Amino acid sequence: MFQPKKKRPRIRRTMSGLIALTLFSSLVFPSLAGAEPAEPSQVQFANVSVQAGQTVHVPVALKKSHFGVKAYNMQIDYDTSALEIVRITPKSVNVISTSPNEDGVADFQYQINNAEGWVRIIWVDFTGGDHSIVDETQLFDMEIKAKSNATPGTKQLSVDQTDSEHWHFTNVEYQSYTELSGGTITITAANSGGDNSGSTPRPNPGNSSGGGGGSVSPTSPVVTPVPSTPAVTKGVDIYVNGQKQEQSATATTSTVNNQVTTTVHVDNDKVINQIGSGLRTLLLPITGTGKGAVVGELNGKLVKTMEGSNAEVVIQTDSGTYTLPANQIQVDQILNQFGSTVPLEDITIQIAIVPSATSKQTAIQAAADKLENTTVIAAPIDFEVKAIWNGQQINVDRFNSYVERSITLPEGVDGSKITTGVVLQPDGSLLHVPTKVIKGNVQDSAIINSLTNSTYALIYHPATFSDVTNHWSRDDVQDLASRLIVQGTGENVFAPDRSITRAEFTAVLLRGLGLHSPRSTEAASFTDVKTGSWYEDEVQTAVSYGLISGYADESFRPNNEISRAEALTIVSRAMKLVGLAQADASETTSLLSTYSDSAKVQSWAAEPVASAIKQELVQGADGKLMSDADISRAQSAAIVKRLLAKAGLI
């Protein structure tokens, strides 16, 4: 179950100058060869766009690895008629040598051959494991130039993954099976006039390649509307770690297109000088604006300082609150797109809470009308993060961990009349996002956690089923149905004891987690997932988040009934996404031993099943786990609800 297809490398020497280091990296850790993990590690090249005659930065990142990487080597090939490598910059090592000669061995080496069209990169940890590379780390950056005579179109950075001298990763516990994605370079025509000597890298949205953040959108021109009323500016107080910092910001209020907007400009240098290295929270409380828009402005230097302190910025308004960890703004990615020489203090970061436009409100109401027994509660709100420099704008719209925002309910609205928050999709539909209601002294609030920025609304959608009225799963099933996570099988019928397929279980888990689109553009390749099938997008999304990997024969078997062990394996991967601790090896043995049929739990499912027991997602029945039994629709709903509740998402 979920075992990757094993690829046997073939050896072919291509570069005598670096072969010694390649062979040495495989000899340093002779005990590491062994069983492969349940799913492969993942390395990602950014997809980028560049004008002919300009250069672009292509970050290369380790996106997922079950154990720290101890050594790697890769040869990247490219089309010399259109591209040339300018330089390689290591990002995950401290001791750096770029000399490719054979006189010694260094931690990091590379060799570029623009005549033949390849670059070879090799890295080894010689400390015995003290400096292994872990998840969400940028390995290195490639600066690539599109030749001035390059024809507009796409070019692909490629690696021969069947040759161990071209592609090989060694992990702490085993010789790693590692997958590669991305690497598409879109070349556009050069500008007809102006200075083309600069560089404006533009990674595609949804293809994060740096550590610590999600994704940023391509740059676009900034549109500055003209205020219809004179701007009014006044000093305001902000709070650093709960302590008031008087006159450390100014607030400017104006009306644009009948929308009152208050923009808070933080005195970045003053805040940096006051906080030193001890910043945890920067709070901007802006009240008295009613339903107006509020925009908090910081510069890239302050955000970078906050990122180093694992701090968060909080925008607090009458209509809602946005709590954003600084490391989710991904300043380094933003800087790569604007150009690495741009001063951080010249980049403006805007964090906004904005009442949704009338067109969006209309679309949300229309979608609610299509759902039975659904009422929209409170006006929808947009949460936005933008980076601005030199007339260009980048939207930060995806994150690597759940980001919290809240919507304040109107006075007199009872929070118990909210069943969930929803996000407006491009096709006009409404989909669930993890939501919980907090009671307040005067007004209740709905806390929404999401991995994206979007337009959010609150709905009341009570749901009941006649065949769960006296069933043990009634509360779980009806709660998830009211959140648009599960659906019935017929008129007022849920069929709680019916088994569920692998595709159906995947879809329910994704809806519960609020994952409605892939985090990257890489395609999932299963032989039995048909184009146009109802589950195609769900499978693609689940693969992109590392929740499923399929079988060794490259099949997913979407219509097969899913066993309890298989379901809990997928859930255990979701536990990492929501921040729940998994069982380690010693805990696994102890947790399973209390069940009489623990010996029937297959080795690949032992830790996932134990992790589910540890977090009280499953309890078994009559002292048995029944790991090989098919899981039912009711059991699936109960497990997903427990997962979300345990993670504090609902």
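Since this is a predicted model, take the numbers as computed values, not measurements.

What counts, and where the lines are drawn
- Residues numbered from 1 in each chain as written.
- Predicted model: local features only at pLDDT ≥ 70, side-chain atom pairs only at ≥ 80, totals over all residues.
- Heavy atoms only, no water.
- Helix = DSSP H or I, 4+ residues; strand = E, 2+ residues; numbered from the N terminus.
- Expected span 1.5 Å × (residues − 1).
- Buried < 20%, exposed > 50% of the residue type's maximum accessible area, 1.4 Å probe, protein only.
- Axes fitted to C-alpha atoms, helices over the stretch in contact; angles between N-to-C directions.
- Parallel < 35°, antiparallel > 145°, perpendicular 65-115°, else oblique.
- Left-handed = near helix turned anticlockwise from the far one by under 90°.
- Contact = heavy atoms within 4.5 Å.
- Nonpolar A, V, L, I, M, F, W, Y, C, P; charged D, E, K, R; others polar.
- Pairing = 2+ DSSP bridges.

Draft legend 1. Helix α7 (residues 502–513), seen in detail. The end-to-end C-alpha distance of α7, which contains twelve residues, comes to 17 Å, matching closely the 16 Å that a straight helix rising 1.5 Å per residue would cover. With respect to burial, α7 is a largely interior element, ten of its twelve residues being buried. All of the buried residues along α7 are Arg 502, Ala 503, Phe 505, Thr 506, Ala 507, Val 508, Leu 509, Leu 510, Gly 512 and Leu 513. Note on α7: the residue one or two positions beyond its end, Gly 514, has a positive phi of about 75°.

Draft legend 2. Region of interest: the packing of helix α9 (residues 564–578) against helix α12 (residues 633–646). Packing of α9 against α12 brings their axes to within 11 Å, and their N-to-C directions diverge by 20°. In this view, α9 runs roughly parallel relative to α12, as classed from their interaxial angle. Here the hand of the crossing between α9 and α12 comes out right-handed. Contacts between α9 and α12 pair Arg 564, Leu 568, Val 571, Ala 574, Met 575 and Val 578 from the former with Gln 635, Ile 639 and Leu 643 from the latter. For the contact of α9 with α12, the residue count by class is seven nonpolar, one polar and one charged.

Draft legend 3. View of the pairing of strand β21 (residues 312–316). Pairing of strand β19 (residues 281–285) with β21 involves five bridges; the strand directions are parallel. Looking at β21, one finds that Leu 284 is bridged to Ile 315. Taken together, the five bridges between β21 and strand β22 (residues 320–325) define a ladder with antiparallel strand orientation. The residue bridging Glu 312 from the neighbouring strand is Pro 325, located in β22. Two successive antiparallel strands, β21 and β22, enclose a turn made up of three residues.

Draft legend 4. Up close: the packing of helix α10 (residues 585–593) against helix α11 (residues 603–614). Between α10 and α11, the shortest axis-to-axis distance is 9 Å and the interhelical angle comes to 75°. One finds that α10 runs roughly perpendicular with respect to α11. Contacts between α10 and α11 pair Ala 585, Glu 587, Thr 588, Leu 591 and Leu 592 from the former with Ala 606, Glu 607, Val 609, Ala 610, Ile 613 and Lys 614 from the latter. Of the residues contributing to the contact of α10 with α11, the split by class is seven nonpolar, one polar and three charged.

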